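# Report on the structure
What follows is each chain in one-letter form.
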Amino acid sequence: MTPGTAVQREERTTPEFAPVVDIYDHGEEIVVVADMPGVSGDGVDIHLDRGTLTLRGKVQPGGDEGRMVYQEFQVGDFVRTFTLTEDIDAGGIAAELKNGVLTLRLPKSAERKPRKIPVKSG
Amino acid sequence: VEARGVVAFLKGGIMSLLPRRRGPEERGPLAGLQHEMNRLFEDFFSGGGPLRSLFTDGDTFLPAVDIRETNDKIVIDAELPGLNPQDVTIRVEGERLVLSGERRQEKKEQNESYARVERSYGRFERQLQLPPGVDPEKVDATFKNGVLTIEIAKKEEAKPKTIEVKVKS
């Protein structure tokens, strides 16, 4: 065994899960709502790079005392990536995390917003 | 037309490579049965009758739970994203813990069209059998970041004891 593998085995790897999301369109913005139970506000990382949006929520360690007697969920980080086909105004992205639910508002770029063009009569 | 844009917005990505946290239907035969029982129960009391479940998607919210045991307590973690403490009721009846509540859908805004709905809502009730020897008078619950943690103390007689063995020389 090489020393490298020994180091790898000692590292604690946190499993990653895809959070369930609702996505809806408000016309002027796209809203993404993701369930991230166990994640606090400072554990959220949102990354937009050339049309690829990545949501990441890191769970806080702890809460693992005792012996697991019944398990339905595993604790791990939440990661999900989307490809954007709309032009998003990256500077205007707003994120809020409340009670383990991330709400992300992605404003569409001005030229893509549906616009109402007034028609003058006369 | 708007909705189509958002659907395309979801294409691709690494999401298919990651496992979902398991949903109620995937948690083994007993949990699935309980989910079905919960639904029948709801249908019965809402007057829809058992047939109604054939016509609804039945995707109601059911929190996932983990149960741990230490020397002096039982610890239950329930995933309740989006809920507030006042949305949840905890009852201990003998050696059974009943967790119930409702996950409400956020208020809908005008002019919105859904591109994807994976999250679920609705009333839920879960009954969990506790190991023998818990003290129903000593229950603590904390709610943090959408995770409810319930701690139930064990009765003195149920705690593991260390018996000192004197060795005669």
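Cut-off values and rules
- Residues numbered from 1 in each chain as written.
- Chains lettered and ligands numbered in written order.
- Predicted model: local features only at pLDDT ≥ 70, side-chain atom pairs only at ≥ 80, totals over all residues.
- Heavy atoms only, no water.
- Helix = DSSP H or I, 4+ residues; strand = E, 2+ residues; numbered from the N terminus.
- Buried < 20%, exposed > 50% of the residue type's maximum accessible area, 1.4 Å probe, protein only.
- Contact = heavy atoms within 4.5 Å.
- Phe/Tyr/Trp six-rings, centres within 6.5 Å; stacked < 30°, edge-to-face > 60°.
- Lys NZ or Arg CZ within 6 Å of the ring centre and 35° of its normal.
- pLDDT = per-residue confidence, 0-100.
- Polar contact = N/O pair within 3.5 Å; in protein donor to acceptor, adjacent residues only side chain to side chain.
- Pairing = 2+ DSSP bridges.
- Axes fitted to C-alpha atoms, helices over the stretch in contact; angles between N-to-C directions.

### Brief notes about the overall build of chain A
- Each helix and strand in chain A was counted, giving one helix and nine strands.
- Listing each helix as α and each strand as β along chain A from the N terminus yields α-β-β-β-β-β-β-β-β-β.
- For chain A, buried positions account for 40% of its 122 residues.
- Residue pairs at least 24 apart in sequence account for 56% of intrachain contacts in chain A once pairs closer than 6 positions are excluded.

### A closer look at the packing of aromatic side chains
All names here are of chain B.
- One pass over the structure, following the stated rule, counts one aromatic pair over all chains.
- Summarising the aromatic geometry, the rings of Phe 61 and Phe 124 are spaced 5.5 Å apart at their centres and angled 80 degrees between planes, so their arrangement reads as edge-to-face. Remark: Phe 124 occurs in strand β6 (residues 122-129) and Phe 61 occurs in the loop between α3 (52-55) and β1 (65-69); sequence separation between them is 63 residues.
- The side chain of Arg 103 reaches across the aromatic face of Phe 61, ending 4.9 Å from its centre.

### Points about the confidence of the model for chain B
- Summary statistics for chain B give a mean pLDDT of 72 and a share of 62% for residues scoring 70 or more.
- Two numbers describe this predicted complex: its pTM, 0.73, and its ipTM, 0.79.

### Brief notes about the side chain of A:Arg80
- Position of A:Arg80 among the secondary structure elements: in strand β7 (residues 77-83).
- Given a relative accessible area of 1%, A:Arg80 falls into the buried group.
- Polar side-chain contacts of A:Arg80 include one of 2.8 Å to the side chain of B:Glu118.

### Digging into the sheet that holds strand β2 (residues 73-79) of chain B
- Overall, antiparallel pairing links the five strands, which are arranged β6(A)-β1(B)-β2(B)-β8(B)-β7(B) in an open sheet. At either margin of the open sheet sits one strand with a lone partner, and together these are β6 (67-71) of chain A together with β7 (134-144) of chain B. Shown here is a sheet whose adjacent strand axes are inclined to one another by a mean of 20 degrees, direction ignored.
- One ladder, built from four bridges, connects β6(A) with β1(B); its direction is antiparallel. Following the sheet pairing, A:Tyr70 is matched in β1(B) by B:Ile67.

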